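Listed here are the chains, written in short residue letters.
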Amino acid sequence: MECSAEMNQVKKKIDDFQLGPIDLDIQSGLITALVGSNGAGKSTVLKMLMNLVKQDEGTITLLNEQVDGDSEEWKEKVAYLPQSFPGLVPFTGMELKKLTSEWYPKWDERLFNKINKLFDLSLTKKFGKLSQGSQQKLKFALTLPRNPNLLILDEPTSHMDIPSKKLLIDLLVEWMEEGARTILLATHQVEDIRKLADYLVIMDKGRMLGSFEKEELIAQYKQYWVKGSLPPVTVPGEIERKENMLVTKCPSQTEEFLKNRGVTWSTAKSLELDEIISIMLTK
Ligand SMILES: Nc1ncnc2c1ncn2[C@@H]1O[C@H](COP(=O)(O)OP(=O)(O)OP(=O)(O)O)[C@@H](O)[C@H]1O
């Protein structure tokens, strides 16, 4: 499958923080969520993809162009929403919209108006005077209508209220349906991941733990409540046990092992995504 963004053996050292080596393939036409613990390096990865932070080693390609090469054509096809953007502070929403729409040739005024109406943006106030949630809404309204091939979002919903988060998710789903588009978003919000992501890229302490198709990842982890007691030995795939409850990351092997020992269970269920991510980041 075609890739919209690639990192090969990318390394970066910032003070005592070592990022990488990172190998990353972001598949076109899909939504990938970059997930991980605080300080794992997610924002740094996004900044390196945008050529805002230079890697020490390795290569980075966006839409088939090397981001630190001579051509900057890729910039017209990518929109990036950073966590903070101090340059916006002195301008009103209206001024920012005018500047942004003039700068981006594919600007979709109709989409901006739709987002404005849905989020009830305060376009006459200076950006710096808006609440954090309202700033996020305005930044999003200035990003999506650029109609890029690749949309990169760094924690787009972290300060938003619950209805606004839902609106943003719906807008992204609708936007994806309208063409050959790709989204990469860093997020801690489990709803973003659950409702949007096709793939999860999981990072911890500067390392990439892997890239996982969401439904396959969910199918990998299961929790059982057995009748009677659990075997006194480690069960294949076992991650955690408490009394007659067992969590496994290899359900087929676990079930075979239990069946061979005559152990049956009353309940079996898949883990929630937040439980799976917590296990991956802590065990
Ligand atoms: N400009 C900088 N100066 C010094 N250290 C930095 C800078 N930018 C990032 N770092 C360090 O790099 C590491 C990774 O930070 P980064 O912001 O990429 O993590 P993150 O996964 O996005 O975290 P969070 O989930 O908390 O937003 C941290 O240890 C951070 O302190």
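Here the residue index of a chain counts from 1 through its sequence in written order. Local features are withheld for residues below a pLDDT of 70 in this predicted model, meaning they are given only at 70 or higher, and side-chain atom pairs are given and counted only at 80 or more; totals for whole chains, interfaces and linings count all residues.

- Within an unreviewed UniProt entry, the label attached to the chain reads ABC transporter ATP-binding protein, and the organism entered is Pueribacillus theae.

### Quick look at the overall build of the chain
Alright, step 1. Put simply, DSSP H or I for four residues or longer makes a helix, DSSP E for two residues or longer makes a strand, and each gets a number counted from the N terminus. Along the backbone of the chain there are nine helices and 14 strands.
Alright, step 2. Of all 283 residues assigned to the chain, the portion counted as buried reaches 35%.
Alright, step 3. Two residues qualify as a contact pair if the distance between their C-beta atoms, derived from the backbone, is within 7 Å. Summarising the internal contacts of the chain: among those between residues at least 6 apart in sequence, 66% fall at separations of at least 24. Every C-beta atom is placed from the backbone, and the number of other C-beta atoms within 10 Å of a residue's own sets its class: buried at 20 or more, exposed at 12 or fewer, partly exposed in between.

### Some words on the environment of Trp103
Alright, step 1. Examined against the element boundaries, Trp103 turns out to sit in helix α2 (residues 93–103).
Alright, step 2. Exposure remark for Trp103: the 9 C-beta atoms within 10 Å place this residue in the exposed category.
Alright, step 3. On a C-alpha basis, the gap between Trp103 and Cys3 in space is 27 Å, while along the polypeptide they are 100 residues apart.

### Some points on the UniProt feature "domain: ABC transporter" (unreviewed entry) in the chain
Alright, step 1. UniProt positions are given in the numbering used here, feature names are shortened, and annotations may be inferred rather than shown by experiment. Following the UniProt record, one finds the feature "domain: ABC transporter" (unreviewed entry) at residues 4–230.
Alright, step 2. Annotation note: span residues 4–230, helix share 32%, strand share 30%, distance between end C-alpha atoms 47 Å.

### A closer look at the site of the ligand
Alright, step 1. In this analysis a residue is considered near a molecule or strand if the C-beta atom, reconstructed from its backbone, is found within 6 Å of that molecule or strand. The immediate surroundings of the ligand are formed by Ile14, Asp15, Phe17, Gly36, Asn38, Gly39, Ala40, Gly41, Lys42, Ser43 and Thr44.
Alright, step 2. A total of three residues in the shell around the ligand trace back to one element, the largest contributor, which is helix α1 (residues 42–49).
Alright, step 3. Here the nonpolar group is Ala, Val, Leu, Ile, Met, Phe, Trp, Tyr, Cys and Pro; Asp, Glu, Lys and Arg are the charged ones; every other residue, Gly included, is treated as polar. When its residues are assigned to classes, the shell around the ligand shows three nonpolar, six polar and two charged.

### Description of the sheet that holds strand β1 (residues 3–14)
Alright, step 1. The four strands are arranged β2-β1-β4-β5 in an open sheet whose pairing can be described as antiparallel. At either end of the open sheet lies a strand with only one pairing partner, and these are β2 (17–27) and β5 (65–66).
Alright, step 2. When β1 meets strand β4 (residues 57–62), the two strands line up antiparallel, connected through five bridges. Note on β4: the bridge partner recorded for Met7 is Ile60.
Alright, step 3. Fitted lines through C-alpha atoms serve as axes, helices being fitted only where they are in contact, and the angles separating the N-to-C directions of these axes extend from 0 to 180 degrees. The sheet contacts of α1 involve β1, β2 and β4, and relative to β1 the element is tilted by about 115 degrees. When DSSP finds two or more bridges between a pair of strands, those strands are recorded as paired.

### Focus: the sheet that holds strand β11 (residues 222–226)
Strand pairing in a sheet relies on backbone hydrogen bonds, with the paired strands running either antiparallel or parallel.
Alright, step 1. Overall, antiparallel pairing links the four strands, which are arranged β12-β13-β11-β14 in an open sheet. Each edge of the open sheet carries a strand with a single partner, namely β12 (238–242) and β14 (265–270). Strand-to-strand twist of the sheet, defined as the mean angle between neighbouring strand axes without regard to direction, takes the value 15 degrees.
Alright, step 2. Sheet topology note: the β12/strand β13 (residues 245–248) ladder contains four bridges and is antiparallel.

### Notes on the pairing of strand β10 (residues 207–213)
Alright, step 1. Of the pairings in the sheet, the one linking strand β9 (residues 199–204) to β10 comprises six bridges and is antiparallel in character. Bridge pairing in β10 links Met203 to Met208.
Alright, step 2. The loop that links β9 with its antiparallel partner β10 comprises two residues; one of these, Lys205, has a positive phi angle of about 45 degrees.

### Structural notes on the nonpolar core
Alright, step 1. By definition, a nonpolar core groups buried Ala, Val, Leu, Ile, Met, Phe, Trp, Tyr and Cys residues that connect through C-beta atoms lying within 7 Å of each other. In this structure, Leu34, Leu49, Leu62 and Ile152 are the most contacted members of the largest nonpolar core, which totals 60 residues.
Alright, step 2. Residues from two domains meet in this core; each of domain 1 (3–217) and domain 2 (221–282) gives at least three.
Alright, step 3. Formed by seven residues, the second largest nonpolar core is a distinct cluster that contains Tyr224, Leu230, Val235 and Leu246. In this entry, domain limits derive from an automatic or database-based domain assignment.

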